[in-house]
Amino acid sequence: MTAPFTPEQIEQFRTIGLRLDKAGTFWHQGTKVEHARLRQALLRWLDVRDDGRDVIKLDDTRYAYVEVEDAHLRARSARWEERDAEGRTSAHCMILWDDDLERELEYMTLSQADDHALYAKIRSLRGRIAGSAYHAVAERVIATADGYALEAVRAAWPIANAR
């Protein structure tokens, strides 16, 4: 019977040379990950540990570290959906992320970078909103005394500066 792996060995096994670049391309030890389904699986397995490290996570004990250059996910498109509630209409922003899942924008997490791209949280992940998705979201950005805000769900949500 062999001895179990030491914590140091397990940490080495988790460092597999996986990187996600700003454009959303995965690289494994310098080679581009080109298989579309593998890429989608990796995007859906993205997570952030309690210590802040980015991982590809299958469960609490099976995960590997990934270097994320900018954001975990990129918005592929955005659309506004009008909903009626209590006799009043409100606008909700729906974002289709590159993991192929559409979610409502988490308005209170919005921030803007120096290159004008918007960022928002998706669960514990960072999402980048640029290109055509940015233009769709920006339709409802307004100037305020404190900077800018997004008008959605009958409120003006402040847009912070990304750090």
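Residues numbered from 1 in each chain as written. Predicted model: local features only at pLDDT ≥ 70, side-chain atom pairs only at ≥ 80, totals over all residues. Heavy atoms only, no water.

### Some thoughts on the packing of aromatic side chains
- Following the criterion strictly, the structure yields three aromatic pairs and no others.
- Here the aromatic rings of F5 and F13 are separated by 5.0 Å at their centres, their planes lie at 85 degrees, and the arrangement is edge-to-face. Considered together, F5 and F13 belong to a single accessibility category, that of exposed residues.
- In this structure, R14 is placed above the aromatic ring of Y63, and the distance from its NZ or CZ to the ring centre is 3.8 Å. (Phe/Tyr/Trp six-rings, centres within 6.5 Å; stacked < 30°, edge-to-face > 60°. Buried < 20%, exposed > 50% of the residue type's maximum accessible area, 1.4 Å probe, protein only. Lys NZ or Arg CZ within 6 Å of the ring centre and 35° of its normal.)

### Quick look at the sheet that holds strand β15 (residues 155–158)
- Read across the sheet, three strands follow the order β13-β14-β15 without closing on themselves; strand pairing throughout is antiparallel. Sheet topology places β13 (141–144) and β15 at the edges, where each strand pairs with a single neighbour. Between one strand axis and the next, the sheet turns through 40 degrees on average, direction left out of account.
- The pairing of strand β14 (residues 147–152) with β15 spans four bridges and is antiparallel. Note that in β15 the partner of A149 across the bridge is P158. (Pairing = 2+ DSSP bridges. Helix = DSSP H or I, 4+ residues; strand = E, 2+ residues; numbered from the N terminus. Axes fitted to C-alpha atoms, helices over the stretch in contact; angles between N-to-C directions.)

### Some remarks on unusual backbone geometry
- Its identity is not glycine, yet H116 carries a phi of approximately 75 degrees, on the positive side.
- Among the secondary structure elements, H116 is positioned in the loop between β10 (111–112) and β11 (118–122).
- Non-glycine residue R123 carries a positive phi angle of around 55 degrees.
- Along the chain, R123 falls in the loop between β11 and β12 (125–129).
- Judged by its relative accessible area of 45%, R123 falls in the partly exposed class.

### Things to note about the environment of M94
- Relative to the helices and strands, M94 is located in strand β8 (residues 88–97).
- Apart from residues no more than four positions distant in its own chain, M94 is found in contact with S77, A78, R79, E81, R83, E102, R103 and E104. (Contact = heavy atoms within 4.5 Å.)

### Points about a nonpolar patch on the surface
- A cluster of nonpolar residues, F5, I10 and F13, forms a patch on the protein surface that exposes about 310 Å² of accessible area.
- Mapped onto the elements of the fold, F13 is located in helix α1 (residues 7–14). (Patch = residues over 30% accessible without salt bridge, like charges linked within 9 Å, V, L, I, M, F, W, Y side chains within 5 Å. Areas by Shrake-Rupley, 256 points an atom, 1.4 Å probe, with all protein chains shown as cover. Salt bridge = Lys/Arg side-chain N within 4 Å of Asp/Glu carboxyl O.)

### Topic: the nonpolar core
- If you look at the biggest cluster of nonpolar residues, it comprises 32 residues, and the most contacted ones within it are F26, L46, I95, L105, I129 and L150.
- Apart from the residues within four sequence positions on either side, I129 is in contact with A75, I95, W97, L105, A117, L118, A120, Y134 and V137. (Core = buried A, V, L, I, M, F, W, Y, C linked by side-chain atoms within 4.5 Å.)

### Side note on helix α3 (residues 131–138)
- Along α3, the positions that sit buried rather than exposed are A133, A136 and V137. With its buried residues spanning 95 degrees around the axis, α3 presents them on a single face. Opposite the packed face of α3, turned more than 90 degrees from it, sit the exposed residues S132 and H135.
- For α3, the secondary structure elements touched by its buried residues are β7 (73–85), β8, β11, β12, β13 and β14. (Arc of directions from axis to C-beta.)

### Some thoughts on helix α2 (residues 36–45)
- Buried residues of α2: Q40, A41, L42 and L43, and no others.
- Residues of α2 that are buried in the fold lie against β1 (15–20), β2 (26–28), β4 (46–48), β5 (54–57) and β7.

### Notes on the pairing of β13
- Pairing of β13 with β14 involves four bridges; the strand directions are antiparallel. Across the sheet, I142 pairs through a bridge with A149, a residue of β14.
- Once β13 ends, the chain turns through two residues before running back antiparallel as β14.

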